[in-house]
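Here is how the chains run, residue by residue.
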Amino acid sequence: MSRLPKELQYNPMEKYKELSCKIFNAPLRYVQGPCALQYIGLYIQPFQYHTVIVVLSPNRLKDQGKTIQESLQKYKAAQVVEFLEFHGECTWEEFTRINQKIETLHVTNSYCLVGVGGGTNIDCVRAIAYLRNVSFVSVPTLASNDAPCSALSVFYTQQGEFLEYVFYPRNPSLVLVDTDIITKAPKRFFVSGMGDAMATYYEAASCWKAEHAVTCAGGRPTATAEALGRLCRDLLFTYGRQAVKDLNCQPLQVTEAIERVTEANTLLSGLGFESGGLAAAHAVHNGLTAHHATKTKYHGEKVAFGTLVHLCLENDLQEAFRVAQFFYDTGLPVTLEELGIKENDVEGIRRVAERTCAKVSQNWNLNKANSFLS
């Protein structure tokens, strides 16, 4: 379990839930647009760090390392720039390895950590920044999930099974999204992000109705978060299908639809889930990670299926059909078989169900008055 020192272990749901106050979390600044990475130095410069440590995969170092280095130097954002490699999953083993690498740098002046990559990179580097009590800059290169803006990490085992959520008392100082990079990434990541984002409103709406529900921020949902979740859903329905078509075009170009969906997948979903609340959609995702057949499926693909389960549990079958049609049109899974789980795999499905309904499951945030669980 968590390798953070006991005094740093932070659970807002335990710390604040008895107060029943509404809480809204957000990053200090969010920047999105084509070629935004060229200006990362301009946006970091006001913080006046002596050293900037950038953590990214070997491929990202090759593709974006020079752009980052030149921008930080051009805008005098740091006197020293260090690059460290990220090797895959957000595990406590990778957390320890990178943290030990930072120790060898012997940084004594003010510095920040920059995570460049997908959700696992961002979650892992965010945890290290919290351990070291330094600012964190989030640079997602995929619009595949809502991790970039949040104040929590999802840790997995080395086998890829969900392990735990780890929470922090602050969000990133800066989230910078370059939509040129997002557009050039494999389309499946973008589509997966829509699956994750679509859950935002439905889970927030359930938490809003359920008087007992507590969000990841440790409070009751805010009307703002619920409204952002609704906007997130509406942008997906309005622009999602077109964005997928645009990603099939050559040459690839950043279009209005891609910009809108990127914002929905990253900003709106990030703000909405954290301060609006999670429920059955993400509980089902966590359960699905316990099945070996889902190891090749992305986070948002599993959340997409969980969203359909969530709506069925809420007895909102009309909306479930509407969402299922959207998922079908955009290439997201709507059946267990599409996730690799066979109908006759009774034991495997039982294992998924047990993990989904675990004591720490977000299922308990469902609006029980309307749910089949009541």
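Residues numbered from 1 in each chain as written. Predicted model: local features only at pLDDT ≥ 70, side-chain atom pairs only at ≥ 80, totals over all residues. Heavy atoms only, no water.

Here the focus is the sheet that holds strand β1 (residues 30-33). Within the open sheet, the 6 strands sit side by side as β1-β8-β5-β4-β2-β3. Their pairing is parallel. Strand pairing shows two members of the sheet lacking a second neighbour, β1 and β3 (80-85), which therefore form its edges. Between one strand and the next, the sheet's axes are offset by a mean angle of 15°, whatever the strand orientation. In this sheet, β3 lies alongside strand β2 (residues 51-56) in parallel orientation, the contact comprising 6 bridges. Note on β3: the bridge partner recorded for leucine 56 is glutamate 85. Sitting on the sheet, helix α3 (residues 58-74) is in contact with β2, β3 and β4 (111-117), with an inclination near 170° to β3. (Pairing = 2+ DSSP bridges. Helix = DSSP H or I, 4+ residues; strand = E, 2+ residues; numbered from the N terminus. Axes fitted to C-alpha atoms, helices over the stretch in contact; angles between N-to-C directions. Contact = heavy atoms within 4.5 Å.)

Right, let's talk about empty space enclosed by the protein for a bit. Under the defined criterion, the tally for this structure stands at 1 cavity of 30 Å³ or more. Empty space within the largest cavity amounts to approximately 90 Å³. Considering the residues around the largest cavity, the lining is formed by Arg126, Ala129, Tyr130, Val134, Phe136, Ser150, Tyr168, Arg170, Asn171 and Pro172. Tallying contributions element by element places helix α5 (residues 119-131) first for the lining of the largest cavity, with 3 residues. Tallied by class, the residues present in the lining of the largest cavity amount to 6 nonpolar, 2 polar and 2 charged. (1 Å grid on protein atoms, 1.4 Å probe; cavity = no way out; pocket = protein on both sides within 12 Å on 5 of 7 lines; lining within 4 Å. Points joined across faces, edges and corners; volume = space filled by probe spheres on them. Nonpolar A, V, L, I, M, F, W, Y, C, P; charged D, E, K, R; others polar.)

With that settled, the discussion passes to the pairing of strand β7 (residues 162-167). Relative to β7, strand β6 (residues 152-156) runs antiparallel, the two sharing 5 bridges. In the sheet register, valine 154 faces β7, and the bridge partner there is tyrosine 165. Between β6 and the antiparallel strand that follows it, β7, lie 5 residues; glycine 160 among them carries a positive phi value of about 90°.

Turning our eyes to something else, we now look at the confidence of the model for the chain. Detailed reading of the predicted coordinates is not advisable wherever pLDDT is low. Looking at the chain, the pLDDT average stands at 94 and 96% of residues meet or exceed 70. In the predicted structure, residues 368-374 sits below a pLDDT of 50 and forms 15 contacts with residues beyond four places in sequence or in another chain. (pLDDT = per-residue confidence, 0-100.)

The next thing to look at is the nonpolar core. In this structure, Phe190, Met198, Leu236, Val323 and Phe327 are the most contacted members of the largest nonpolar core, which totals 38 residues. Listing elements by their share of this core, those giving two or more residues are β8 (174-178), α7 (187-209), α8 (223-247), α9 (256-276), α11 (299-313) and α12 (317-330). Ranked by the residues each element gives to this core, the list is headed by α8, at 9 residues. The residue makeup of this core includes at least three contributed by each of domain 1 (6-183) and domain 2 (186-357). If near-sequence neighbours (up to four positions away) are discounted, methionine 198 is found in contact with Arg233, Leu236, Phe237, Thr307, Val323, Phe326 and Phe327. Core analysis: the second largest hydrophobic core is formed by 33 residues, Tyr10, Phe95, Phe136 and Tyr168 among them. (Core = buried A, V, L, I, M, F, W, Y, C linked by side-chain atoms within 4.5 Å. Buried < 20%, exposed > 50% of the residue type's maximum accessible area, 1.4 Å probe, protein only. Domains from an automatic or database assignment.)

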